[in-house]
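Residue-level structural notes
Below, each chain spelled out in residue letters.
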Protein chains: 2
Amino acid sequence: MESKSNCPVNKSLEVFGDKWSLLIIRDLMFNEKRTYREFLYSDEKIATNILATRLEMLCKEGIIIKKKDPNHKQKIIYSLTEKGIDILPIIIEIGCWGVKYKPVTSKQKLRAKELKNDKEKLLKEMKRELLKNTQI
Amino acid sequence: MESKSNCPVNKSLEVFGDKWSLLIIRDLMFNEKRTYREFLYSDEKIATNILATRLEMLCKEGIIIKKKDPNHKQKIIYSLTEKGIDILPIIIEIGCWGVKYKPVTSKQKLRAKELKNDKEKLLKEMKRELLKNTQI
DNA sequence: CCGCATCCCTATAGATACTG
DNA sequence: CAGTATCTATAGGGATGCGG
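The residue count restarts for each chain, going from 1 along the sequence in the order it is written. Think of it this way: whatever chain is written first is A, whatever ligand is written first is 1, and the rest follow in order. Only residues with pLDDT of at least 70 are given local features in this predicted model, and only at 80 or more are side-chain atom pairs given and counted; all residues enter the totals for whole chains, interfaces and linings. Just so you know, side-chain values use all the structure's heavy atoms and leave hydrogens and water out.

Segments assigned H or I by DSSP are reported as helices when at least four residues long, segments assigned E as strands when at least two residues long, and all are numbered from the N terminus. When helices and strands are tallied, chain A shows eight helices and two strands. When the helices and strands of chain A are read in sequence order from the N terminus, they spell out α-α-α-α-β-β-α-α-α-α. Our radius of gyration is a C-alpha quantity, and the globule rule it is checked against amounts to 2.2 Å times the number of residues to the power 0.38. A globule of 136 residues ought to have a C-alpha radius of gyration of about 14 Å, and chain A, at 16 Å, matches this closely. Accessibility here uses a 1.4 Å probe with only protein chains present; expressed as a share of the type maximum, an area under 20% marks a residue as buried, one over 50% as exposed, and anything in between as partly exposed. Looking at chain A as a whole, 50% of its 136 residues are labelled buried. Only heavy atoms enter the contact rule, under which two residues are in contact if any of them lie within 4.5 Å. Restricting the contact set of chain A to residue pairs at least 6 apart, pairs at least 24 apart contribute 50%. The accessible surface values rely on the Shrake-Rupley method and a 1.4 Å probe; as for residues, cover is taken only from the protein chains in view. On chain A, roughly 7,800 Å² of surface is accessible, and the fraction owed to carbon and sulfur atoms is 54%.

See the structure below:
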């Protein structure tokens, strides 16, 4: 696909600038979802064809990778690459805006504040975890 | 519109989770665009009907406001509210990701780094400017 | 000139049923 | 379990119109 402009913001949005992609990435980061079924049963009720195309696109873009579960061969595990993990700051900022301007629970407010403070630490942890898993 | 879930990330995305909204906000923040025509002539070539509906939505959401140009009565000036200015950190993070993972110029790289470092300062400046303009 | 509104057509999103 | 197939609804693109 041809890029509409060479603005970095636009180029990023052409990758994950639709609602569903960022929600899938959110589920990978914070909700411990890793299989097709788990994504399918998200709170926002993504349709199965949309999920399939998004997962494929995110793989192609190098934001997630899929591999077979070593224990249950029929299962497929999706996980974030470093490129995907680097979307964390964006998700956190989006969450913080929602917490500030949309009605949310006090629990969610607290969580957002924690995440923002621990952003750098969390980023490093996720990348360390990634490295560990690829070495196995 | 009914919210699909009560996740803050989802609630934010339901407001500006489409490509065009964030590009309009980017133009307001960094490209000094303030009139309908100026948005229309963006690099990404937004269609006139899309622009109209997005501007209306962003007004309704309280992210931008429209007022008549005091000098040229037939002109309409759009500007960010505080709620809109608070989207700045999101745009900056999106830009930084693009700079890191998409082909961009060295100028764009430098600019992204500057913006990230001066984020807090820039936020305050934009809000101070907003306050000044509303007092007039 | 200005800010849109409208129409028409196409592309993509989305819901649901089904399959290897 | 992880997806396809199929169908419909909606979003988007582009030309053009229109009141101020």
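Right, let's get into the protein's contact with DNA strand D. Close contacts around DNA strand D come from 15 residues, with Arg37(A), Thr48(A), Lys66(A), Tyr78(A) and Arg54(B) the closest. Close to the protein, within 4 Å, the atoms of DNA strand D are drawn from sugar and phosphate at a rate of 45%. Polar contact is the term for a pair of N or O atoms within 3.5 Å; when the atoms are in protein, one must be able to donate a hydrogen and the other to accept it, and sequence-neighboring residues count only if both atoms are side-chain atoms. At 3.5 Å from a phosphate oxygen of DNA strand D is found a side-chain nitrogen or oxygen belonging to Trp20(B). Secondary structure elements with two or more residues in the surface near DNA strand D: helix H3 (36-40), helix H4 (48-60) and strand S2 (76-80) of chain A together with helix H4 (48-60) of chain B. Examining the composition of the surface near DNA strand D, we find that four residues originate from one element, H4(B), more than from any other. Lys, Arg, Asp and Glu make up the charged group, whereas Ala, Val, Leu, Ile, Met, Phe, Trp, Tyr, Cys and Pro make up the nonpolar group; the residues left over, Gly among them, are polar. When its residues are assigned to classes, the surface near DNA strand D shows six nonpolar, five polar and four charged. Being near a molecule or strand, for a residue, means having at least one of its heavy atoms within 4 Å of it.

Now for the protein's contact with DNA strand C. In the vicinity of DNA strand C lie 15 residues, with Trp20(A), Asn49(A), Arg37(B), Lys66(B) and Tyr78(B) positioned nearest. Take the atoms of DNA strand C that sit within 4 Å of the protein: sugar and phosphate atoms are 51% of them. A distance of 2.8 Å separates a phosphate oxygen of DNA strand C from a polar atom in the side chain of Trp20(A). Here Arg37(B) contributes a backbone N or O atom positioned 3.2 Å from a phosphate oxygen of DNA strand C.

Before going further, it helps to examine the packing of aromatic side chains. How two aromatic rings sit relative to each other is set out by the distance from centre to centre and by the angle between their planes. In this scheme Phe, Tyr and Trp rings, the latter by its six-membered ring, pair at centre separations within 6.5 Å, and the angle between planes marks the pair as stacked below 30 degrees, edge-to-face above 60, and tilted otherwise. Summed over the entire model, instances satisfying the criterion amount to six aromatic pairs over all chains. Seen from their ring centres, Phe39(A) and Tyr78(A) are 6.2 Å apart, and the 65 degrees between their planes marks the pair as edge-to-face. Of this pair, Phe39(A) sits in helix H3 while Tyr78(A) is found in strand S2, placing the two residues 39 residues apart along the sequence. The two residues Phe39(A) and Tyr78(A) agree in class, both being buried. For the pair Trp97(A) and Tyr101(A), a centre-to-centre distance of 5.2 Å together with 45 degrees between the ring planes defines the contact as tilted. With Trp97(A) and Tyr101(A) both in helix H6 (residues 88-101) and four residues apart, this pair spans about one turn of that helix. Residue Trp97(A) is classed as buried on the basis of its relative accessible area of 2%. Each member of the aromatic cluster is reached from another via a ring pair, and the members are Phe16(A), Trp97(B) and Tyr101(B). A ring is considered to have a charge above it if a Lys NZ or an Arg CZ atom is located within 6 Å of its centre and within 35 degrees of its normal. We note Lys19(A) situated over the ring of Trp20(A); from NZ or CZ to the ring centre the distance is 4.7 Å.

Let us now look at the interface of chain B and chain A. Contact with chain B, which involves 45 residues of that partner, is made by 45 residues of chain A. Contact between chain B and chain A buries roughly 3,800 Å² in total, counting both sides, with carbon and sulfur atoms accounting for 64%. By salt bridge we mean one thing: a side-chain nitrogen of Lys or Arg within 4 Å of a carboxyl oxygen of Asp or Glu. At the boundary of chain B and chain A, one finds six salt bridges. In this structure, the connection of chain B to chain A is made through 18 residue pairs in polar contact (both at pLDDT 80 or more). Contributions of two or more residues to the side of chain B that touches chain A are made by helix H1 (8-16), helix H2 (19-30), helix H5 (82-85), helix H6 (88-101) and helix H8 (119-135) of chain B. At eleven residues, the largest contribution of residues to the side of chain B that touches chain A is made by H6(B). Looking at the side of chain B that touches chain A, its residues break down into 20 nonpolar, eight polar and 17 charged. What counts as buried area is the accessible surface, traced by a 1.4 Å probe, that two parts surrender upon association, with contributions from both included.

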